[in-house]
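Spelled out, the chains give:
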Amino acid sequence: MVLATSFLLFLSFSLSCNALATSHGSPPTTPFVFPETKSTVLPNPAHIFSSHLLSSPLPTNSFFQNFVVAKGDDPEYIHPYLIKSASSSLSLSYPFRFSNSSFVRQIFIPDLTITSLNKTTRHRISSYSDLSVTLDFPSNNLRFYLVRGSPFLTCKTTTNSTRLSISTIHAILSFSSDASLTKHTVKLNNTQTWLLYTSSPIRFTHSITQITSQKFSGVIRIAILPNSEQKYERVLDKYSSCYPISGRAKLSKAFGLEYKWKTKGRGKLLLLAHPLHRRLLSQNAVLEGFEYKSIDGDLVGVIGDSWVMKLEPIPVTWHSIDGIRKEHFPEIVSALRKDVDALRSTKISTTSSYFYGKSVARAARLALIAEEVGYPKAIPVVAKFLKNAIQPWLDGNYDGNGFLYERKWGGLVTKLGSTNSSEDFGFGIYNDHHFHLGYFVYGIAVLAKIDPAWGRQYKPQAYSLMADYMNVGLGSFSYSYYPQARSFDPWKLHSWAAGLQNFSDGRNQESTSEAVNAYYSAALLGLAYKDNVLKRIGSTLTALEILSAQTWWHVREGDDMYGKEFSRKNRLVGILWANMRDSKLWFAPAELKACRLGIQVLPISPITEILFSDAEFAKDVVKWASPSLSLSGVAESWKDFVYALEGIYNYTSAIAKTRKLTVHDDGNSLANLLWWIYSQGR
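Residues numbered from 1 in each chain as written. Predicted model: local features only at pLDDT ≥ 70, side-chain atom pairs only at ≥ 80, totals over all residues. Heavy atoms only, no water.

Engineer: Can you help me understand the packing of helix H12 (residues 512-528) against helix H13 (residues 532-553) in this one?
Structural biologist: Helix-helix packing: each pair is described by the crossing angle between the helix axes and the interaxial distance. Relative to each other, H12 and H13 sit at 165 degrees, their axes nearing to 7 Å. The orientation of H12 relative to H13 falls into the category roughly antiparallel. Where H12 crosses over H13, the two elements pack in a sense that is left-handed. When H12 is examined against H13, the residues Thr512, Ala515, Val516, Tyr519, Tyr520, Ala522, Ala523, Leu525, Gly526 and Leu527 are found in contact with a partner set consisting of Leu534, Lys535, Gly538, Ser539, Leu541, Thr542, Glu545, Ile546, Ala549 and Trp553. Looking at the contact of H12 with H13 residue by residue, the class counts come to 13 nonpolar, five polar and two charged. (Axes fitted to C-alpha atoms, helices over the stretch in contact; angles between N-to-C directions. Helix = DSSP H or I, 4+ residues; strand = E, 2+ residues; numbered from the N terminus. Parallel < 35°, antiparallel > 145°, perpendicular 65-115°, else oblique. Left-handed = near helix turned anticlockwise from the far one by under 90°. Contact = heavy atoms within 4.5 Å. Nonpolar A, V, L, I, M, F, W, Y, C, P; charged D, E, K, R; others polar.)

Engineer: Teacher, can you tell me more about the sheet that holds strand S20 (residues 270-273) here?
Structural biologist: The strands making up a sheet associate through backbone hydrogen bonding, with each pair oriented either parallel or antiparallel. Across the sheet, three strands lie side by side as S20-S22-S21; this open sheet has antiparallel pairing. Two strands bound the open sheet, and with one partner strand each, they are S20 and strand S21 (285-292). Ignoring which end each strand starts from, the neighbouring axes of this sheet average 35 degrees apart. The pairing of S21 with strand S22 (residues 299-303) spans five bridges and is antiparallel. Bridge pairing in S22 links Val286 to Val302. Strand contacts of helix H4 (residues 230-238): S20 and S21, with the helix running at about 125 degrees to S21, the strand carrying the most contacts. (Pairing = 2+ DSSP bridges.)

Engineer: I would appreciate a short explanation of the sheet that holds strand S30 (residues 580-582) in the present structure.
Structural biologist: Overall, antiparallel pairing links the five strands, which are arranged S4-S5-S30-S29-S28 in an open sheet. Two strands in the sheet have a free side with no partner beyond their single neighbour: strand S4 (96-99) and strand S28 (508-509). Pairing analysis gives two bridges linking S28 to strand S29 (residues 575-577), with the strands arranged antiparallel. Bridge assignment links Gln509 to a residue of S29, and that residue is Leu576.

Engineer: Help me out: how do you make sense of the side chain of Ser132 in this one?
Structural biologist: Within the secondary structure, Ser132 is located in strand S8 (residues 132-137). Given the relative accessible area of 1%, Ser132 is considered buried. A distance of 2.6 Å separates polar atoms of two side chains, one belonging to Ser132 and the other to Ser129. With near-sequence residues (within four places) excluded, Ser132 lies in contact with Phe63, Leu146, Val147, Ile245, Ser246 and Gly247. (Buried < 20%, exposed > 50% of the residue type's maximum accessible area, 1.4 Å probe, protein only. Polar contact = N/O pair within 3.5 Å; in protein donor to acceptor, adjacent residues only side chain to side chain.)

Engineer: So what exactly am I meant to see when it comes to the environment of Pro483 here?
Structural biologist: Looking at where Pro483 falls in the secondary structure, it is placed in the loop between helix H11 (459-470) and strand S26 (488-489). Take Pro483: its relative accessible area is 6%, and that puts it in the buried class. It is 6.8 Å that separates the C-alpha atoms of Pro483 and Gly410, two residues lying 73 residues apart in sequence. Setting aside anything within four residues of it in sequence, one finds Pro483 in contact with Pro57, Leu58, Pro59, Gly410 and Asn471.

Engineer: How should the domain arrangement of the chain be read in this particular structure?
Structural biologist: When the parts come together, some accessible area is lost, and that loss is often what is quoted as the size of the interface. Each assigned domain of the chain is listed with its residue range as follows: domain 1 (57-310) and domain 2 (326-475 + 487-495 + 504-680). Taken together, the contact between domain 1 and domain 2 spans 49 residues of the former and 39 residues of the latter. In total, domain 1 and domain 2 occlude about 3700 Å² of area from one another, counting both sides; carbon and sulfur atoms represent 60% of this. At the boundary of domain 1 and domain 2, one finds four salt bridges. For Asp296, the salt bridge goes to Arg581, with nearest N and O atoms at 2.2 Å. Scanning the region where domain 1 abuts domain 2 turns up 19 residue pairs in polar contact (both at pLDDT 80 or more). (Domains from an automatic or database assignment. Buried area = accessible area lost by both parts, 1.4 Å probe. Salt bridge = Lys/Arg side-chain N within 4 Å of Asp/Glu carboxyl O.)

Engineer: Got a minute to help me understand H4 in this structure?
Structural biologist: One turn of the α-helix equals 3.6 residues, which is why residues spaced by three or four share an orientation. Three or more residues of H4 are buried, namely Tyr232, Glu233, Val235 and Leu236. All buried residues of H4 fall inside an arc of 160 degrees around its axis, so they share one side. Residues of H4 that are exposed and point over 90 degrees away from its buried face: Gln230, Arg234 and Lys238. Summarising the contacts, the buried residues of H4 are in contact with strand S13 (183-188), strand S14 (193-198), strand S17 (219-224), S20 and S21. (Arc of directions from axis to C-beta.)

Engineer: Please clarify how the packing of H11 against H13 should be interpreted in this entry.
Structural biologist: Where H11 meets H13, the closest approach of the two axes is 13 Å, and the angle between their N-to-C directions is 40 degrees. Judged by the angle between their axes, H11 and H13 are oblique. Pair H11 / H13 crosses with left-handed handedness. On H13, the residues that touch Tyr463, Met466 and Met470 of H11 are Leu534, Ile537, Gly538 and Leu541. Class assignment for the residues of the contact of H11 with H13 results in six nonpolar, one polar and no charged.

Engineer: Before we go on, may I ask you to explain H12 in this structure?
Structural biologist: The end-to-end C-alpha separation of H12 is 24 Å, in line with the 24 Å expected for 17 residues at 1.5 Å each. Burial runs high along H12: 16 of the 17 residues are buried. (Expected span 1.5 Å × (residues − 1).)

Engineer: What is the right way to read the state of the cysteines from this model?
Structural biologist: Throughout this description, disulfide means a covalent bond between two cysteine sulfur atoms. Here the structure, examined in full by the defined rule, presents zero disulfides. Not part of a disulfide, Cys155 finds its nearest cysteine sulfur in Cys242, a span of 17 Å. Take Cys155: its relative accessible area is 1%, and that puts it in the buried class. (Disulfide = S-S within 2.5 Å.)

Engineer: Looking at this model, I keep getting lost on the packing of aromatic side chains. Mind explaining?
Structural biologist: When we look at a pair of aromatic rings, we describe it by the centre distance and by the angle of the planes. Under the counting rule described, the total for this entry stands at 51 aromatic pairs. Between Trp261 and Trp307, the aromatic rings sit 5.1 Å apart at their centres with planes inclined by 70 degrees, giving edge-to-face as the arrangement. Of this pair, Trp261 sits in strand S19 (residues 256-265) while Trp307 sits in strand S23 (residues 306-310), and the two are 46 residues apart along the sequence. With centroids separated by 6.1 Å and ring planes inclined at 55 degrees, the aromatic side chains of Trp638 and Phe641 adopt a geometry described as tilted. When its relative accessible area of 13% is taken as the criterion, Trp638 is described as buried. A relative accessible area of 1% places Phe641 in the buried class. Among the aromatic residues, those joined into a ring-pair cluster are Phe32, Phe34, Tyr356, Trp393, Tyr398, Phe403, Phe427 and Phe440. If you follow Arg365 out to its NZ or CZ, it ends over the ring of Trp675, 4.4 Å from the centre. Sitting over the face of the ring of Phe617, Arg556 holds its NZ or CZ atom 4.4 Å from the ring centroid. (Phe/Tyr/Trp six-rings, centres within 6.5 Å; stacked < 30°, edge-to-face > 60°. Lys NZ or Arg CZ within 6 Å of the ring centre and 35° of its normal.)

Following this line, the structure appears as structure tokens:
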């Protein structure tokens, strides 16, 4: 059975919602495919993925991406272990955390390395699912089920002639087996104790750094004992027999998420939940006090082969959530008139898919502001600008760049990015797809709203752009030429921006607000096309992205998740990596805090109010970032976002400062900033 195709993300959700999609608006009857190209910069997936997986689109921003790019030997963080596959072995690390005021990182040390004494071979991915990946070492006769959140590493031998080798860079102080020869205890000189459980009796021998087995056929499970208290060992003993081999995620309903694991063995399943899981879990047995350490916060034990999580609904609206007092309309209209008039003589000059998309979304905001403040004359001007800007990308006749489809991995690349991996911020190697395309989708959604005839004409292209990054249960068919949910990680509950590059700290994401914008824009596309399924999925992923930003990127004073030094010096994470938290940005050093604030706020839209719903936290962030506005390297345009957050708790001061601005971010405008601040000053 091919797990990669049988556990497509959210597939069951799409099936359960077909009737709803058909009766209230649906995707196009025939998926649109952009013109095809052959990229010269993408790696060849055939070296790592088993041949039966190559006929389907492949994940490009997943939790196991380091296993499939470059040499495939950089570690990945599969909670609670860092796991590294190199040569013919797999190394396991229960990492310790290093933290200072600049960054927090888990340190990989190969505590245990598992291989066999057979032939050597490179790993291959034989299956993957939402919550797991399976690595095979064919010549070694070993298969590793790497399931996220499992306190056990599970290894299966595929023949009865396999002799296992488990080595360590530490010294083995003692090794013992119980009477049944199915539980074995390893004590190392770094204070660690590891437990080995085997599905049948086995005898080991050991030296000071290596444990070897007799010929063995079956399953071996390896777990660290995270605490010397007896209850930890009792729990691991109790749940050692039931092991997961794959897991899928399902959007069961609006603002609901379920996990379901396929298991083997006896008894109940033990897994570990991170802090956001714990916040959302509604019907599971949680083992309070059974905890593993993690850079993402303490992981706690949960019993059961299915989890149910529920979110608080969030509003997804075209206009401000609570409205604007009419007395503020004239000032907004005055700014709006100037911003819209400028569109008459403006043509987007950049060929960058990112900056071009920002300009499209900036113009689209003006149409919605005009609707809200009663200035309808602006709307036809914005519509004309949007048509002229967007259609060349959808028709494939934009001279400077364009979207193309490549089949090797299955997705969109840009014309520029297909031959140069540094163009368009790496869009051609699947970096930042949800950022770039989210801006385009926002503009398309607005244009489809204000010009339904245009929307109907370009609906196939609109859905195809959106499906590249959010191919998640989109009605009566799946976009089979895109992978499922390219950017969104259903275990961490947020997106990853990094694509097909190897990084020693795994995937990363800088701008949470642009990720939020991507799913918010997809929800608006659903609103524009009266597609309730799309609106529901986009809204749910928007809510999850916001909760993740608030959990892991927003650093509150006194919060010790990242250590006292980092928490004292930082109110926002710059770049969040799977295995690190960095105060720097890709484009700015840590001391330019206003830039860090800005990249976690832009673009400003109604959903920003949900992302920064905590006024006291917004106040702390502004206080923390404002001194950096005077530093060289902080352009005046970054003031937009500092003043936007100030408007949440002191709109009078924010308005006064905004009126003095002479330039704005290329994705923002004076009209949009005034609209935002006045929407907060009710």
